[in-house]
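Observations on the three-dimensional arrangement
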Amino acid sequence: MAIKSNSLWKLAFIRLRRNYLAILGFIVLFILVFVAIFADQISPYGYEQQDYMMIRQGPSAKHLLGTDEFGRDVLSRLIYGSRISLQVGLVAVAISLFAGGAIGAIAGYFGGRIDNILMRIMDIQLAIPTILLAIVISAALGPGLFNLMVAVGITSIPRFARLMRASVLSIKGMEFIEAARAMGASHTRIILIYILPNCMAPLIVQSTLSVANAILFAATLSFLGLGVQPPFPEWGGMLSAARPYLRTNAYLSIFPGLAIMITILALNFLGDGLRDALDPKQKR
Amino acid sequence: MSDKNTQAPLLDIRDLSIRFNTDSGVVHAVNHLNLSLQKGKALGFVGETGAGKTTTALAILHLIQSPPGEITSGEILFEGQDILRMTEAERRDIRGNKIAMIFQDPMTSLNPIMTVEDQIMEVVSLHTDAKGEELRNRAHEMLQMVGIRPERGKEFPDQFSGGMRQRVGIAIALACRPTLLIADEPTTALDVTIQAQVIDLIKHLQKMVETSLLLITHDLGIVAEICDEVAIMYAGRVVEYSDLRQLYTKPMHPYTQGLFNAVPRLDSEPGGRLAVIQGLTPDPTDLPEGCSFSPRCPYVQDICRQEALGLKEYEPGHFVDCHFPLGMNGGLGA
């Protein structure tokens, strides 16, 4: 099977390489991942290292992005914060991708009553505003990194379920699925080898865009004080803490904001590039 | 039907009825259909759109969507075993291996994200123990057989033209050397020159692989080209069944005669009108009593409206479902 998908991915990669914005997004994300992994080596100071002689100092040679109200180095905190943001983004999307994908695939493939029950549950969840739902879940679970990821993950399950169901439905009706059955393939084989790979493109795109969304969501919850607790540096939390100094020390909110923006932009560029690259109908 | 033959038929469909339970009523797609096919022979299955040809073909593979489809009676004997009574695992073993199918539209019947050689390898790997290089060689051999350079096996279906894709479809169908090949209007989606190529290819390969062929079509010309026997289907029934020569020289059912009259010929008057069969095929949710062709039949008698006959052997090997077959004693018309 590994050989089989190879050529498809290779073609997609060739197409992706021609998209400069997507490559830019990819490079930015690569740097971010690198920074997150080697935060201990890269950051000039520790994320809770305080220097009371240097409270709310603007950018300087010693503190490239300045210091916050406890005299902590903003750059170091941003570097450590990338760990949390990336972690939240990936884990939350993994939760919604697997849960939503499974629900959607089952509903779409088997149809009938199963479909009806599962999708109505999803509809009910969709009717609740996502931000409220996330707040309720993280309030119920209590603050903390893991609970934050679960809360963010749960809120986007219905979107993945609907997307998956729609793709499965459209693929299921195609003649090559009937041809596969006429070939003697079993249901499991049809779902795994014929339907899922054909649904991959929209799912991958949705996942990339959802990582951006999840990071934003996590930042929102932290901003509201429900996410990662101080002194752990979370970009949203840093924004929140910088609020009182918006007029006097704008850099305190600008840099975390920029970090969030650049990450999300990079993810969106990559997501769009992947969407174009993975469409098998788009030749060359 | 083939009691007189010494050899048991490869495929024997007896009294098959299929209906679809839809919101707008029960569709009687196939009604008490009888049909048999000898090993190595080619049977043409002719009828209008909606006559139940494809439904019958899918029933042979037991691929009718259920619900809404439902097989209400009959048996489908393949090599003496009833397909309808097999377990799903046994049927999977037969599909693609002993009974293979060529689909109507080559643009949609291939998996768009698998290379064509992988798709041929897929069916071989499902039914044999072959692995790795052996599989690949087999796929290349099949591609060669249908006239595609094996190097092109690494390409995806969207890099092929319609005719080439249909060749790939044929390669997939024949990869396991099936004993029965079902071709569901294999040329309908192709243009005329490619049609001729594909038909020649099917004809040639059918002889080479020694498979039986069930060719579904509404093109009487194609049937004349490759088939040994013909069954004419109307409103879910076989109305006439015989060998090719007999049926083409002496059609006995008024519907068959109507079909032949509706085909343009080289010696037809330019600008002249073709003879059409009056009326439309009956609504399958509301079939007429008696003979289902009676509302359109130019020779209809009272008994036709009251009593269905079923296939009857009027001449040796020539079965007709008509009270008054054409050209017979007591028959009417030509």
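Residue positions within a chain follow its written sequence, with the count starting from 1. In the order they appear in the text, chains get letters beginning with A and ligands get numbers beginning with 1. Given that this is a predicted model, residues contribute local features only at a pLDDT of at least 70 and side-chain atom pairs are listed and counted only at 80 or more, while totals for whole chains, interfaces and linings are drawn from all residues.

Section: the overall build of chain B
Secondary structure assignment for chain B yields 10 helices and 12 strands. Across its three principal directions, the C-alpha atoms of chain B cover 65 × 50 × 45 Å. Out of the 334 residues in chain B, the part that is buried amounts to 45%. Helix and strand definitions follow DSSP, with helices as H or I runs of at least four residues and strands as E runs of at least two, each counted in order from the N terminus. The exposure label follows from counting other C-beta atoms within 10 Å of a residue's C-beta, where the C-beta atoms are placed from the backbone and the thresholds are 20 or more for buried and 12 or fewer for exposed, leaving partly exposed in between.

Overview of the overall build of chain A
Broken down by element type, chain A carries 12 helices and 0 strands. Along chain A, helices (α) and strands (β) appear in the sequence α-α-α-α-α-α-α-α-α-α-α-α when read from the amino end. Across its three principal directions, the C-alpha atoms of chain A cover 75 × 45 × 30 Å. Buried positions account for 42% of the 284 residues belonging to chain A. In chain A, the proportion of contacts linking residues at least 24 apart, taken out of those at least 6 apart, comes to 70%. A pair of residues counts as a contact when their C-beta atoms, built from backbone coordinates, are within 7 Å of each other.

Here we look at helix α10 (residues 187-223) of chain A
Residues and elements named next belong to chain A. One less than the number of residues in a helix, times 1.5 Å, gives the span that helix is expected to have. Spanning 37 residues, α10 covers only 47 Å between terminal C-alpha atoms, well under the ideal 54 Å at 1.5 Å per step. We define the bend at any residue as the angle between the axes fitted to the seven residues before and including it, ending there, and the seven starting there. Of all the bends found along α10, the most pronounced is centred on M200 and spans about 45°, while P202, a proline, follows it within four residues. Just past α10, the residue G225 takes up positive phi, approximately 85°.

Points about unusual backbone geometry
Residues and elements named next belong to chain B. Its identity is not glycine, yet H32 carries a phi of approximately 45°, on the positive side. The residue H32 is located in strand β2 (residues 25-37) in this model. Residue classification places H32 among the partly exposed positions, given that 19 C-beta atoms sit within 10 Å. Phi is positive for E79, close to 50°, though the residue is something other than glycine.

Examining helix α3 (residues 116-127) of chain B
An α-helical turn contains 3.6 residues, so a residue and the one three or four places further along point in the same direction. All names here are of chain B. In this model α3 runs 18 Å from its N-terminal to its C-terminal C-alpha over 12 residues, within 8% of the 16 Å that 1.5 Å per residue would give. The element α3 is extensively covered by neighbouring structure, given that 11 of its 12 residues are classed as buried. The complete set of buried residues in α3 reads V116, E117, D118, Q119, I120, M121, E122, V123, V124, L126 and H127.

Some thoughts on the interface of chain B and chain A
The partner chain A presents 20 residues to the 25 residues of chain B that form the contact. The element best represented in the side of chain B that touches chain A is α3(B), accounting for 4 residues. Asp, Glu, Lys and Arg are counted as charged, while Ala, Val, Leu, Ile, Met, Phe, Trp, Tyr, Cys and Pro are counted as nonpolar; the rest, among them Gly, fall into the polar class. A class-by-class count of the residues in the side of chain B that touches chain A yields 11 nonpolar, 7 polar and 7 charged.

Brief notes about the sheet that holds strand β11 (residues 312-315) of chain B
Residue and element names in this part refer to chain B. In short, DSSP must find at least two bridges between two strands for them to pair. Taken in spatial order, the 8 strands of this open sheet run β6-β7-β8-β3-β9-β10-β12-β11, and their pairing is mixed. Looking at strand neighbours, the two that pair on one side only are β6 (99-102) and β11, the edges of this open sheet. Along the sheet, successive strands turn relative to each other by an average axial angle of 20°, direction set aside. Fitted lines through C-alpha atoms serve as axes, helices being fitted only where they are in contact, and the angles separating the N-to-C directions of these axes extend from 0 to 180 degrees.

Brief notes about the environment of Y45(A)
Residue and element names in this part refer to chain A. Along the chain, Y45 falls in the loop between α3 (39-42) and α4 (74-110). Owing to 20 C-beta atoms within 10 Å, Y45 belongs among the buried residues under this scheme. For the pair Y45 and D73, spaced 28 residues apart in sequence, the C-alpha separation works out to 6.5 Å. Beyond its immediate stretch of four places on either side in the chain, Y45 contacts D73 and S76.

Some thoughts on the sheet that holds strand β4 (residues 69-78) of chain B
The strand order across the open sheet formed by 4 strands is β2-β1-β4-β5 (chain B), and the pairing between neighbours is antiparallel. Two strands lie at the open edges of the sheet, namely β2 and β5 (81-82) of chain B, each paired on one side alone.

Let's talk about the pairing of strand β10 (residues 237-243) of chain B
Residues and elements named next belong to chain B. Of all the 7 residues making up β10, 6 are buried; the element is thus mostly covered by neighbouring parts of the structure. In this sheet, β10 lies alongside strand β9 (residues 229-234) in antiparallel orientation, the contact comprising 6 bridges. Bridged to A231 within β10 is Y241. The antiparallel hairpin formed by β9 and β10 contains 2 residues in its connecting segment, where A235 sits at a positive phi of about 50°. By the bridge criterion, 2 bridges tie β10 to strand β12 (residues 318-320) in an arrangement that is antiparallel. Paired with E240 across the strands is V320, a residue of β12.

What about the nonpolar core?
Each nonpolar core reported here comprises buried Ala, Val, Leu, Ile, Met, Phe, Trp, Tyr and Cys residues connected via C-beta atoms within 7 Å. Counting 156 residues, the largest nonpolar core has V152(A), I120(B), A171(B), L214(B) and L215(B) as the members making the most contacts within it. Of all the elements, α10(A) adds the most residues to this core, at 15 residues. Look past the residues within four positions of I120(B) in its chain and what remains in contact with it is A139(B), M142(B), A171(B), I172(B) and A175(B).

Overview of the packing of helix α2 (residues 20-37) of chain A against helix α12 (residues 251-278) of chain A
Residue and element names in this part refer to chain A. Relative to each other, α2 and α12 sit at 135°, their axes nearing to 7 Å. As judged from the angle between their axes, α2 and α12 are oblique. α12 is crossed by α2, and the crossing has left-handed handedness. On the side of α2, the interface is formed by L21, A22, L24, G25, F26, V28, L29 and L32, while α12 contributes I262, T263, A266, L267, F269, L270, D272, G273 and L274. A class-by-class count of the residues in the contact of α2 with α12 yields 13 nonpolar, 3 polar and 1 charged. To sort the angles, those under 35 degrees are grouped as roughly parallel, those over 145 as roughly antiparallel, those from 65 to 115 as roughly perpendicular, and the leftovers as oblique. Handedness of a crossing is defined here by the sense of rotation of the near helix relative to the far one, left-handed for an anticlockwise turn of less than a right angle and right-handed for a clockwise turn.

A few points about the pairing of β6(B)
Residues and elements named next belong to chain B. By the alternation rule, side chains of β6 split into I99 and M101 and A100 and I102, which are all buried. The pairing of β6 with strand β7 (residues 180-184) spans 4 bridges and is parallel. Paired with A100 across the two strands is L181, which belongs to β7.

Concerning the packing of α4(A) against α12(A)
All names here are of chain A. Between α4 and α12, whose axes approach to 11 Å, the crossing angle comes to 35°. Considering how the two elements wind past one another, α4 and α12 form a crossing that is right-handed. Counting all contacts with α4, which are made through V74, L78 and S85, the residues of α12 involved are L252, F255, P256, A259 and T263. Taken together, the residues that form the contact of α4 with α12 break down as 6 nonpolar, 2 polar and no charged.

Side note on the confidence of the model for chain A
The predicted model of chain A averages 86 in pLDDT, with 95% of residues at 70 or higher. Here pLDDT means the predictor's own confidence in every residue, given as a number from 0 to 100. Long-range and interchain partners of residues 1-6 of chain A, a stretch whose pLDDT sits below 50, account for 3 contacts in this model, where long-range means more than four residues apart.

Some details on the confidence of the model for chain B
All names here are of chain B. For chain B, mean pLDDT is 85; residues scoring 70 or higher make up 96% of the total. Confidence drops under pLDDT 50 across residues 1-5; counting only partners more than four residues distant or on other chains, this segment forms 6 contacts. Model confidence for the complex is summarised by a pTM of 0.74, with the ipTM given as 0.79.

A few points about the environment of G44(B)
Residue and element names in this part refer to chain B. Inspection of the secondary structure assignment puts G44 in strand β3 (residues 42-47). In this structure G44 comes out as buried when scored by C-beta crowding, with 24 C-beta atoms within 10 Å. A C-alpha to C-alpha distance of 14 Å links G44 and Y234, two positions 190 residues apart in sequence. Discounting chain neighbours no more than four positions away, the residues touching G44 are L215, T217, V223, C227 and V230.

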